[in-house]
Amino acid sequence: MILKRFLMILSPDYFRKSFPENLRISGRGKLTSDNFLSGDKLFRSFKKTDLDSEKHLKPETIKFPDVSCNWSKFSKPCDIWFRDKGSAKDGCYSFSVEDSRFNKTATPVHDPIFENDPIYIENYSHTELRVLPEGKDFLFEPDKGRKINSKSKKLEYRMHIREVCKIEIKAW
């Protein structure tokens, strides 16, 4: 993996040639929320500066809502490098679908990216954590842009993700 990182940093051509097949759309359609399993992982990138002195994620660096993740059903941790503004210096943390649904605050929605960029072609595994409306269950697919009006509820959610996440790849 270290060699792969090194080659990605030095050679944009290597990056283009090594784009993972599992991220390509390849005629696959969007999946509904009932396809998520509680134990599936959601992968999210982070920078070294997103960590505090004890190597924990700083709560303010955990974006929420509309958090962009890769779904483990179609992705590996290192696939976070193949996103817009991705870097081989980025680290990756994960948390489970079950943990993403903490306190019925949010739920993952499969949201494949269809792009025609020469490098970042597409991302079938792309998923967003979206805010659940009051009284809706996890099979409901909320629209993008729903806000949380409570700062304490937002902080509680971020702190939960901070506590349960697992560092899959260290950031450089």
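Draft legend 1. Inspection of the overall build of the chain at higher detail. Secondary structure summary: the chain contains 4 helices and 8 strands in total. Secondary structure of the chain in N-to-C order comes out as α-α-β-β-β-α-β-β-β-β-α-β. Residue pairs at least 24 apart in sequence account for 78% of intrachain contacts in the chain once pairs closer than 6 positions are excluded.

Draft legend 2. Expanded view of the pairing of strand β2 (residues 67–71). Most of β2 is tucked away: 4 of the 5 residues are buried. Pairing between strand β1 (residues 41–46) and β2: 2 bridges, direction antiparallel. Across the sheet, L42 pairs through a bridge with W71, a residue of β2. Where β2 meets strand β7 (residues 126–131), 4 bridges bridge the pair, whose relative direction is antiparallel. Across the sheet, residue N70 finds its bridge partner in β7, namely H126.

Draft legend 3. Spotlight on the pattern of salt bridges. Enumeration according to the criterion identifies 10 salt bridges in this entry. Notably, a salt bridge pairs K144 with E128, separated by 3.8 Å at the nearest N-O pair. In this pair, K144 sits in the loop between β7 and α4 (151–164) while E128 sits in strand β7, placing the two residues 16 residues apart along the sequence. Judged by its relative accessible area of 9%, E128 falls in the buried class. One salt-bridge network, held together by shared partners, links D111, E128, R130 and K144.

Draft legend 4. Structural context of the sheet that holds strand β8 (residues 166–169). Spatially, β4-β7-β2-β1-β3-β8 is the arrangement adopted by the 6 strands of the open sheet, whose pairing is antiparallel. Only two strands of the sheet have a single partner each, and these edge strands are β4 (106–110) and β8. This sheet shows a mean twist of 40° between the axes of neighbouring strands, independent of strand direction. Pairing analysis gives 6 bridges linking β1 to strand β3 (residues 91–96), with the strands arranged antiparallel. By the bridge assignment for β3, S45 is matched with C92. The sheet strands contacting α4 are β3, β4, β7 and β8, and the helix crosses β3 at an angle near 105°.

Draft legend 5. Structural detail: the side chain of D90. Relative to the helices and strands, D90 resides in the loop between β2 and β3. At 2.9 Å, the side chain of D90 and the side chain of R83 are in polar contact.

Draft legend 6. Here's a closer look at the packing of aromatic side chains. Here the structure, examined in full by the defined rule, presents 8 aromatic pairs. Plain terms: the ring middles of F46 and Y93 are 6.1 Å apart, the flat faces sit at 50° to each other, and that makes the pair tilted. Linking F46 in strand β1 with Y93 in strand β3, this pair joins segments that are 47 residues apart in sequence. Accessibility classification places F46 together with Y93 in one group, the buried group.

Cut-offs used in this document
Residues numbered from 1 in each chain as written. Predicted model: local features only at pLDDT ≥ 70, side-chain atom pairs only at ≥ 80, totals over all residues. Heavy atoms only, no water. Helix = DSSP H or I, 4+ residues; strand = E, 2+ residues; numbered from the N terminus. Contact = heavy atoms within 4.5 Å. Buried < 20%, exposed > 50% of the residue type's maximum accessible area, 1.4 Å probe, protein only. Pairing = 2+ DSSP bridges. Salt bridge = Lys/Arg side-chain N within 4 Å of Asp/Glu carboxyl O. Axes fitted to C-alpha atoms, helices over the stretch in contact; angles between N-to-C directions. Polar contact = N/O pair within 3.5 Å; in protein donor to acceptor, adjacent residues only side chain to side chain. Phe/Tyr/Trp six-rings, centres within 6.5 Å; stacked < 30°, edge-to-face > 60°.

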